[in-house]
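Next come the chains, spelled out residue by residue.
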Amino acid sequence: MACTSCSTSDGGAPKGCKNNGTCGTDSCNKLTVFDWLSNMSLPNGETPFDCVEVRFKNGRKEFYRNTEKLTLSIGDIIATEASPGHDIGIVTLTGELVKIQMKKKGVNHTSTEILKIYRKASQKDIDIWSNARDKEEPMKVKARELAIAHKLEMKISDIEFQGDGSKATFYYTAEDRIDFRLLIKDFAKEFSTRIEMKQVGFRQEASRLGGIGSCGRELCCSTWLTDFRSVNTSAARYQQLSLNPQKLAGQCGKLKCCLNYELDTYMDALQGFPSFETKLVTEKGDAICQKQDIFKGLMWFAYTNNFANWHILKIEQVNEIIAENKQKKKVSSLEDFALEITQTPEKDFNNAMGQESLTRFDQPKKKKKPNKKRRPSGEQVVAGANRPASEPRPASNKIIPNNRNEPKA
């Protein structure tokens, strides 16, 4: 059973999403490995590798030995050895790729300490496992309340029940060492089960819980990233990123792992650049670097007595000036080497398909002209009063009454 919304068929095989990476309710696609050897048969006389990879809640994976020679495939629910009792997990990888994964994680496949697989899970095992999983969320709320009551500076991030329901593992994060002996007593009294406390780092917590990053995709540590390399602010400096903690930090509160993805490319490109602290000596004064464009091979320099005016130079020109300075010679000025970059005009939107303008709502509405003031009743208008003096008056200059109800003379 891949998640709580998937039903099971005969033999415990999952239905619904079938654990093929399309389920979004319980991390069916966390840290999955593509089995590119699944359609290839073994050579004659070769036996399948006797270890399998099993996934538990929130991407926790372990390796188990198939001592009973069971026919297992990806997605099968099995009962595995645990201390005490047994645990329930889902097979995520079989065959020769398991050996590669064990080597990658530093697990010796010949070791006798590898736990074994008991059997394929029955419907009774799955029901007990499902009932235990339903208790985890309300138990987590109560556990946090008890931790706050003891005034412990710790955060209980997740609870995982063992498959047979005999033990509950509490995952927590804390800055310092925590004395939770009294807390465990309250947990055992409140939940009536065996308690195990396990401290995890902030990155491991984000990996277990998952989420959506600022890029709009699922967290790398939750989907495919298995090792957590150290990330420092120098990676952001080499890539010329602004040292803004709100933008450089991930959901775990630490620096984003993706800062290391393109760092090697930037380091290779910077090998041909002069040092950023290079000082150019000219007759007009000393100039220091203000900015670099790694992929265009440009550097911006400004005189120490005029930081507002920047001059753009190519790497070759900078190296030429440095070579002159090493011979204790001064160049005349940076203006002799500076480039003049003309800004290309931006292309306007071409309304080829007859769409309406995208800025039609941005233009202010035209103000309505105010209506002419009405003259109060009884006011008389003299015809030709506004006529220029040079223009002759009409023959008759009658006074027109404004009140139409007035009787005629």
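Residues numbered from 1 in each chain as written. Predicted model: local features only at pLDDT ≥ 70, side-chain atom pairs only at ≥ 80, totals over all residues. Heavy atoms only, no water.

### What to know about the overall build of the protein chain
So, step 1. In terms of helices and strands, the protein chain carries ten helices and 14 strands.
So, step 2. Buried residues in the protein chain amount to 35% of all 409 residues.
So, step 3. When the accessible surface of the protein chain is split by element, carbon and sulfur atoms take 50% of a total near 28300 Å². (Helix = DSSP H or I, 4+ residues; strand = E, 2+ residues; numbered from the N terminus. Buried < 20%, exposed > 50% of the residue type's maximum accessible area, 1.4 Å probe, protein only. Areas by Shrake-Rupley, 256 points an atom, 1.4 Å probe, with all protein chains shown as cover.)

### Side note on the environment of Glu196
So, step 1. Considering the arrangement of structural elements, one finds Glu196 in strand E8 (residues 194–199).
So, step 2. With a relative accessible area of 28%, Glu196 lands in the partly exposed category.
So, step 3. With residues up to four places along the chain from it excluded, the contact list for Glu196 reads Lys167, Ala168, Thr169 and Phe170.
So, step 4. Separated by 3.0 Å, the side chains of Glu196 and Lys167 make a polar contact. (Contact = heavy atoms within 4.5 Å. Polar contact = N/O pair within 3.5 Å; in protein donor to acceptor, adjacent residues only side chain to side chain.)

### Some thoughts on the pairing of strand E4 (residues 86–93)
So, step 1. The buried count for E4 comes to eight of eight residues, which makes it a mostly enclosed element.
So, step 2. Note that strand E1 (residues 51–55) and E4 share three bridges and pair antiparallel. Among the inter-strand pairings, Arg55 is bridged to a residue of E4, identified as Ile90.
So, step 3. In this structure, strand E3 (residues 77–81) lies alongside E4, joined through five bridges in antiparallel fashion. Bridged to Ala79 within E4 is Ile88.
So, step 4. Following E3, the chain reverses through four residues before pairing antiparallel with E4; Gly85 in that reversal takes a positive phi of roughly 80 degrees. (Pairing = 2+ DSSP bridges.)

### As for the sheet that holds strand E9 (residues 279–282)
So, step 1. One open sheet holds the four strands; their spatial order is E9-E10-E11-E12, and the pairing between them is antiparallel. Each of the sheet's edge strands pairs with one partner strand only, and the pair in question is E9 and strand E12 (306–314). On average, adjacent strands in this sheet sit at an angle of 35 degrees to one another, irrespective of strand direction.
So, step 2. Against the sheet, helix H10 (residues 315–326) contacts E9, strand E11 (298–303) and E12, and its axis sits at roughly 105 degrees relative to E12. (Axes fitted to C-alpha atoms, helices over the stretch in contact; angles between N-to-C directions.)

### Concerning the nonpolar core
So, step 1. In this structure, Met154, Ile156, Phe170, Phe187 and Met197 are the most contacted members of the largest nonpolar core, which totals 20 residues.
So, step 2. At the level of elements, helix H3 (136–149), strand E6 (155–161), strand E7 (167–173), helix H4 (181–191) and E8 are the ones that each hand at least two residues to this core.
So, step 3. With four residues, the single largest contributor to this core is H3.
So, step 4. For Ile156, the contacting residues outside a window of four places in its chain are Lys140, Ala143, Arg144, Ala147, Phe170, Tyr171, Tyr172 and Phe187.
So, step 5. Counting residues in each nonpolar core, the second largest holds 17 residues, with Tyr266, Val318, Ile322 and Leu334 among its members. (Core = buried A, V, L, I, M, F, W, Y, C linked by side-chain atoms within 4.5 Å.)

### A word on H4
So, step 1. All of the buried residues along H4 are Leu183, Phe187 and Phe191. Mapping the buried residues of H4 onto a view down its axis gives an arc of 45 degrees, with all of them on the same face. Structural note: H4 exposes Arg181, Leu182, Lys185 and Lys189 on the side pointing more than 90 degrees away from its buried face.
So, step 2. On its buried face, H4 is in contact with H3, E6, E7 and E8. (Arc of directions from axis to C-beta.)

### Quick word on the sheet that holds strand E5 (residues 117–120)
So, step 1. Reading across the sheet, the five strands line up as E2-E1-E4-E3-E5 and stay open at both edges, with antiparallel pairing between neighbours. Since the sheet does not close on itself, it has two edges, and those belong to strand E2 (61–65) and E5, each with one partner. Strand-to-strand twist across the sheet, computed as the mean angle between neighbouring axes with direction ignored, equals 45 degrees.
So, step 2. Packed onto the sheet, helix H1 (residues 96–104) meets E1, E2 and E4 and runs at close to 70 degrees relative to E1.

### Structural notes on the packing of helix H2 (residues 123–134) against H3
So, step 1. Remark: H2 packs on H3, axes separated minimally by 5 Å, with the N-to-C direction vectors making an angle of 35 degrees. Counting all contacts with H2, which are made through Ala132, Arg133 and Asp134, the residues of H3 involved are Glu136, Glu137 and Pro138.
So, step 2. Taken together, the residues of the contact of H2 with H3 sort by class into two nonpolar, no polar and four charged. (Nonpolar A, V, L, I, M, F, W, Y, C, P; charged D, E, K, R; others polar.)

### Considering a nonpolar patch on the surface
So, step 1. Taken together, the side chains of Phe34, Trp36 and Met40 make up a nonpolar region of the molecular surface, amounting to roughly 440 Å² of accessible area.
So, step 2. Note on Trp36: relative accessible area 54%, which makes it exposed. (Patch = residues over 30% accessible without salt bridge, like charges linked within 9 Å, V, L, I, M, F, W, Y side chains within 5 Å. Salt bridge = Lys/Arg side-chain N within 4 Å of Asp/Glu carboxyl O.)

### Side note on the packing of aromatic side chains
So, step 1. Under the criterion given, the structure shown has seven aromatic pairs.
So, step 2. Their ring planes at 70 degrees and their centres at 6.1 Å tell us that Phe56 and Tyr64 sit as a pair that is edge-to-face.
So, step 3. With relative accessibility at 5%, the residue Phe56 sits in the buried group.
So, step 4. With relative accessibility at 5%, the residue Tyr64 sits in the buried group.
So, step 5. Pairing Trp224 with Tyr261 gives two aromatic rings, centres 5.9 Å apart and planes at 45 degrees, and the pair type is tilted. (Phe/Tyr/Trp six-rings, centres within 6.5 Å; stacked < 30°, edge-to-face > 60°.)

### Some details on the confidence of the model for the protein chain
So, step 1. Here the protein chain averages 81 in pLDDT, and 77% of its residues register 70 or above.
So, step 2. For the stretch residues 18–27, pLDDT sits under 50, and the model shows 19 contacts to residues farther than four places along the chain or on other chains.
So, step 3. A low-confidence stretch, residues 396–400 stays under pLDDT 50, and its non-local contacts, those more than four residues away or across chains, total five contacts. (pLDDT = per-residue confidence, 0-100.)

### Section: unusual backbone geometry
So, step 1. Cis geometry marks the peptide bond from Ser83 to Pro84, where omega comes out at -5 degrees.
So, step 2. Topologically, Pro84 is positioned in the loop between E3 and E4.
So, step 3. Its identity is not glycine, yet Lys69 carries a phi of approximately 55 degrees, on the positive side.
So, step 4. Look at Lys69 and you get exposed, because its relative accessible area is 65%.

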